[in-house]
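Below are the chains, spelled out letter by letter.
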Amino acid sequence: LETVEPHLGTGGMASKSSGSPLEVGGFLGDPSMAVRCEEKTQPPTTCDTRGVRGWSLSVGDSTIPPLQVGYTTGPTTKDMTLQGATYEGKPAAPHPIFELAKKRTARMALEKSTLSDTRVLEFNGVHSAYEFDCLATLDFRQYHQVRAALCTTHEDRAAAVFNTTASEYVGVYPIVDEEYMEYALTLSTAWDAATTGRPYTYLELGARYGTWIARAGQSYRLFASPDGFTPIPQDRLRLLAVEGNCHWYRKMEEHIACNRLDMNSILLLSYVAPKSYNLSLIHISEPTRLLSISYAVFCLK
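Residue numbers restart at each chain and count upward from 1, following the sequence in its written direction. Note on the predicted model: pLDDT of at least 70 is required for a residue's local features to be given, and 80 or more for side-chain atom pairs to be given and counted; whole-chain, interface and lining totals, by contrast, use all residues. Note that the side-chain values use all heavy atoms of the structure and ignore hydrogens as well as water.

1. Thoughts on the state of the cysteines
Part 1: In this description, a disulfide is simply a cysteine sulfur pair whose atoms lie within 2.5 Å. Under the defined criterion, the tally for this structure stands at one disulfide.
Part 2: Each sulfur in the disulfide pair cysteine 134 and cysteine 151 lies 2.1 Å from the other. The S-S bond linking cysteine 134 to cysteine 151 shows a torsion near -85 degrees; that makes this disulfide left-handed. Remark: cysteine 151 occurs in helix 5 (residues 145-162) and cysteine 134 occurs in the loop between helix 3 (130-133) and helix 4 (139-143); sequence separation between them is 17 residues.
Part 3: Burial here depends on accessible area, computed with a 1.4 Å probe over protein chains only, as a share of the maximum for the residue type. Under 20% is buried, over 50% is exposed, and the range in between is partly exposed. For cysteine 134, a relative accessible area of 2% translates into the label buried. The helix count covers DSSP runs of H or I at least four residues long, the strand count covers runs of E at least two residues long, and both are numbered beginning at the N terminus.

Take a look at the structure:
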């Protein structure tokens, strides 16, 4: 791929050109185009705080749990078990960046509630709605081991709080999976920028609900701010995410706002597609808020 060039037009849904694999209303088998403009609700200005006692997030030193790997014999994570990760017959050591992050592991106080009303807290302070990854019908819960393990651990820790056998919820560390090194590299670049006083920029394409820009933004904030949560000025932290499905784009707006990263973020409702698709403009509506950008289709030259 050489370059990515935006193609802008005058309005309306994508139209079908001769010989194009594009249907009127969207890609074959992809519901994104059909729903991307139908949701007109504004992004939330505040978070849904059900199940969380006053957003009482705090940071403190913690012990990194032993590295684990998910094992399953079926096609999904339904019967997945977690076992200790080993290297050359010995317990595998965590990536060194997690040793730095553990000094500021996030904690959350929970009220008795239902799981659907809780937020999933990760070790660095990122928190997301339970419905984003943990519903049994979601492919991320069924097929992504690291997300399934995150949800299972959250459920166990939330249950301990609900049963009054624990007083607080300690953020979850990732298991060894395809996302483990992504997280390690994200933390490493955030730490490097924060400790050297340099600005930090992070881009995510196909962002869904903005999983990685939120993780990156909070990781930078964890190392750069006095308490690990104080917002960072726009000139020091810049986040850019692109998502083509309106449903998840709205969830991304919610997620970024809930993690207080909205003033550092530019969110685009856009598509990247092969030039052979002969896409015309998909310029749907005006931006929903100040830092949003008009919707467009991007074609690869």
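2. Thoughts on the side chain of arginine 107
Part 1: With respect to the secondary-structure elements, arginine 107 resides in strand 9 (residues 105-110).
Part 2: Residue arginine 107 is classed as buried on the basis of its relative accessible area, which comes to 16%.

3. A word on unusual backbone geometry
Part 1: Positive phi, normally seen in glycine, also occurs at arginine 208, with a value near 55 degrees.
Part 2: The residue arginine 208 is located in the loop between strand 13 (200-205) and helix 7 (211-224) in this model.
Part 3: Positive phi is not limited to glycine here, since arginine 260 has a value of about 55 degrees.
Part 4: Tracing the backbone shows arginine 260 in the loop between helix 8 (246-258) and strand 15 (265-274).

4. Quick word on the confidence of the model for the protein
Any residue range with low pLDDT should be treated as having predicted coordinates unsuitable for detailed reading.
Part 1: Confidence per residue, as judged by the predictor, is encoded in pLDDT with a range of 0 to 100. The share of residues in the protein with pLDDT of 70 or more is 69%, and the mean pLDDT across the chain is 74.
Part 2: In this description, contact between two residues means that some pair of their heavy atoms is separated by no more than 4.5 Å. For residues 280-301, every residue scores under 50 in pLDDT, and the model assigns this stretch 92 contacts once sequence neighbours within four places are set aside.

5. A few points about the environment of histidine 154
Part 1: Relative to the elements of secondary structure, histidine 154 occurs in helix 5.
Part 2: Assessed through its relative accessible area of 0%, histidine 154 is described here as buried.
Part 3: In this structure, the C-alpha to C-alpha distance between histidine 154 and valine 170, residues 16 residues apart in sequence, is 9.2 Å.
Part 4: Filtering out sequence-adjacent residues up to four positions away, histidine 154 remains in contact with Leu115, Thr118, Arg119, Val120, Tyr130, Tyr169 and Val172.

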